[in-house]
Structures are given as C-alpha cells and as structure tokens.
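Below, each chain spelled out in residue letters.
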Amino acid sequence: MKIAEKRKLKHFPIHIKLDTGMHRLGFEEENMPELITTLKNNKNIEVRSILSHMATSDEFEQRKFSISQIELFEKLSSKLMRELQIKPIRHILNTSGITNFPQAQYDMVRLGIGLYGVSNDTEEQKELENVGTLKSVISQIRNIDTGESVGYGRRFIAEKPTKIATIPIGYADGISRHWGNGVGFVTINKSKATIIGSVCMDMLMVDITAINCKEGDEVILFGESPTVSFIASQLNTIPYEILTSISQRVKRIFYRE
C-alpha cells in the first residue's frame, strides 16, 4: 500500500489472504479491525479478491476442521465486504475441496493438481485423465551372468542370466533413489521393467529379460503406468512431490488440442 501511495497509483489491484487455520500466510481474525481501518476509503488500492487455503480438504476424518475453516472464511470475508462496501471475488477451495465441499465454491475455485489428472479421491480419480508423461529411451542393452552385479554398491546381484537396459535419466532429473533396488518400475513396450540396483545421478538400469525391446525404444517413467499417484504411495509421499521433483534439465514438450 505504501508503494502504491508513493508512486501515486490509483485503485491498484490487491488480493487479501485470510488465515482460517492453515497458519502459513494471511490475516487472522484478530487482524480484522486494523486491516479494515487500513483499507477503508483508501483510493490507492482496490481489493480484487479475498481468499484462504484449506489444510485438510482431502481428509475425511478432518472434515469438521475443514467446515470450521469455511465458516470462518465466510465470517471474515463477509465482514470485510460489508465494512469496505466491496464485492470482490472470493475463493477457498483447492482440488479436493471442489469435490468434497461444493457448498463453498463461491465465485471461483483453484484446481491445482487436478489439472494434471491427479486426485486424492479414488472415485474422483476415475473421472480424470492423465495429462503428463515422463519419457526417456533405452540407451544400451547388455546381458549379465549369474552372480554379476549392477550399479553402485552391487545392490543387485543376478540370480540367473539377465538382460538389462540402461536408461539415461536419474536422481539429478528427479527420479528418487528410493524408487530403485526393485521397488519401482518403468514401462517399455507396454511391459513392466523393474528398476534394479541403485538409481544413479544420470542413469538407471532395468530388467528387460522378458521384454522384447531394442536400444532406442521409448521408456515411460510415469504417466498411465506407473501413475504418479502409485509412485507416491510406494514412496510414502504425495503426487505433488513426484511431479515437482522433475528438474529443469528435463525437456518439456507441450501439446495443444
């Protein structure tokens, strides 16, 4: 506000965030009198929206807390609108909130990870399409004998003659090291290829003994299979972390329909 005043700006658009229980950012109920006094009759700025963020919209056992957030948002936002005589856009719902609390959709909603076809609700997930796929290719294929090892620390020892493929993507690209050593898999020619040995910085190795493939063939790290939700569940984390971990050195290609 001071900057708008200093630069002699008029009706500069601002957005007011209310803290209704997330305790991350925003004005709390005790701040309302001071906030109203500051904004009232101020011609330098204009409140375009009032928003808040829900902490547990995806957790059924925390539904009571979610309802309390919505009720507090209604109370505080209505007070601001009444005292300041304004009609801004109001919004509080994230992806899970859109489905679980339709009564609180207000003027708009914030579809976040849902845009990427991911939901915490199994029924809602059925209605969403995958929109992001991480791909690579097979860079090299080799055969190893019984007793030979793969990768750092020799964490994979072949119990029988095994055909393996090296994929040029690793933890520097955002593939978790926890996804290696037999935990995770990639998809090659619609078949699962288990990741063997430790995920390296720039590469990972997979077992392709039972898969008909060749060097240069496409490899799916995540997409339809495995999904980011499945990977997250196996690694005891959330889909957001899987998606946002992909580093900037991974090339992005966007398709528009």
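Everything here concerns the structure above.
Only a predicted model underlies this, so the values are computations on that prediction, with no experimental measurement involved.

K.L.:
Which residues make up the overall build of the protein chain, and what values do they have?
P.N.:
Counting secondary structure elements, the protein chain contains seven helices and 12 strands. The C-alpha radius of gyration computed for the protein chain amounts to 25 Å, which surpasses the reference 18 Å derived for 257 residues by more than 25%, pointing to a less compact arrangement than a globule. Its C-alpha atoms put the protein chain at 80 × 45 × 40 Å along the principal axes. The long-range share in the protein chain, meaning contacts at least 24 apart out of those at least 6 apart in sequence, stands at 60%. Summed over all atoms, the accessible surface of the protein chain reaches about 16,000 Å², with 51% contributed by carbon and sulfur. Seen as two clouds, the 33 positive and the 31 negative side-chain charges of the protein chain have centres 7 Å apart.

K.L.:
Please set out the side chain of Thr20 residue by residue, giving values where relevant.
P.N.:
Tracing the sequence through the fold places Thr20 in the loop between β1 (12-17) and α2 (32-39). One polar contact links Thr20 to Ser52, side chain to side chain, over a distance of 2.8 Å.

K.L.:
Any details on the environment of Gln103? Residues and values, ideally.
P.N.:
As for its position among the elements, Gln103 is in the loop between α4 (95-100) and α5 (122-125). Taking the C-alpha atoms as reference points, Gln103 and Ser49, 54 residues apart in sequence, are found 19 Å from one another. Those residues within four positions of Gln103 in sequence are excluded, and the remaining contacts are Ile67 and Ile70.

K.L.:
Which residues make up the sheet that holds strand β11 (residues 204-207), and what are the values?
P.N.:
Taken together, seven strands build an open sheet; the order of strands is β4-β12-β9-β10-β11-β8-β5 and the sheet is antiparallel. The sheet terminates laterally at β4 (134-137) and β5 (140-144), the two strands that pair on one side only. Across this sheet, the average inter-strand angle for adjacent strands is 35 degrees, counted without regard to direction. In this structure, strand β9 (residues 185-188) lies alongside strand β10 (residues 191-196), joined through four bridges in antiparallel fashion. Its bridge partner being in β10, Thr187 is matched across the sheet by Lys192.

K.L.:
How would you summarise the pattern of salt bridges if you had to cite specific residues and measurements?
P.N.:
Scanning all chains against the criterion turns up nine salt bridges. Among the ionic pairs, Glu29 bridges to Lys75, the shortest N-O distance being 2.6 Å. In this pair, Glu29 sits in the loop between β1 and α2 while Lys75 sits in helix α3 (residues 63-84), placing the two residues 46 residues apart along the sequence. Given the relative accessible area of 49%, Lys75 is considered partly exposed. Across the pair Lys214 and Asp217 runs a salt bridge whose closest N-O atoms are separated by 3.0 Å. Accessibility expressed as a relative area gives 54% for Lys214, which makes it exposed. Judged by its relative accessible area of 11%, Asp217 falls in the buried class. Because the salt bridges share partners, they merge into one network encompassing Asp173, Asp202 and Arg249.

K.L.:
Outline the environment of Ser78, supporting the account with residue identities and numerical values.
P.N.:
For Ser78, the position within the fold is in helix α3. On a C-alpha basis, the gap between Ser78 and Val228 in space is 39 Å, while along the polypeptide they are 150 residues apart. In this structure Ser78 touches Phe73 and Arg90, once residues within four positions along its chain are discounted.

K.L.:
Residues and numbers for α3, please.
P.N.:
Here α3 is 22 residues long and its end C-alpha atoms lie 31 Å apart, about the 32 Å a rise of 1.5 Å per residue gives. Three or more residues of α3 are buried, namely Ser66, Gln69, Ile70, Phe73, Leu76, Ser77, Leu80, Met81 and Leu84. Down the axis of α3, the buried set is contained in an arc of 145 degrees. They therefore lie on one face. In α3, those exposed residues whose orientation departs by more than 90 degrees from the buried face are Lys64, Glu71 and Arg82. In this structure, the buried side of α3 is in contact with β1, α2, β2 (45-51) and β3 (89-91). A positive phi of about 55 degrees marks Gln85, the residue just after α3.

K.L.:
Please provide a residue-by-residue account of the nonpolar core, values included.
P.N.:
Ranked by size, the top nonpolar core spans 28 residues in total, and within it Ile188, Leu204 and Val206 carry the most contacts. When residues of this core are traced back to their parent elements, those giving at least two are β8 (162-167), β9, β10, β11, β12 (218-222) and α6 (228-234). In this structure, Met32, Ile45, Leu84 and Leu93 belong to the second largest nonpolar core, which totals 22 residues.

Parameters at a glance
Residues numbered from 1 in each chain as written. Predicted model: local features only at pLDDT ≥ 70, side-chain atom pairs only at ≥ 80, totals over all residues. Heavy atoms only, no water. Helix = DSSP H or I, 4+ residues; strand = E, 2+ residues; numbered from the N terminus. Rg over C-alpha atoms; globule rule 2.2 N^0.38 Å. Contact = heavy atoms within 4.5 Å. Areas by Shrake-Rupley, 256 points an atom, 1.4 Å probe, with all protein chains shown as cover. Lys, Arg positive; Asp, Glu negative; His and termini not counted. Charge placed at Lys NZ, Arg CZ, Asp CG, Glu CD. Polar contact = N/O pair within 3.5 Å; in protein donor to acceptor, adjacent residues only side chain to side chain. Pairing = 2+ DSSP bridges. Axes fitted to C-alpha atoms, helices over the stretch in contact; angles between N-to-C directions. Salt bridge = Lys/Arg side-chain N within 4 Å of Asp/Glu carboxyl O. Buried < 20%, exposed > 50% of the residue type's maximum accessible area, 1.4 Å probe, protein only. Expected span 1.5 Å × (residues − 1). Arc of directions from axis to C-beta. Core = buried A, V, L, I, M, F, W, Y, C linked by side-chain atoms within 4.5 Å.

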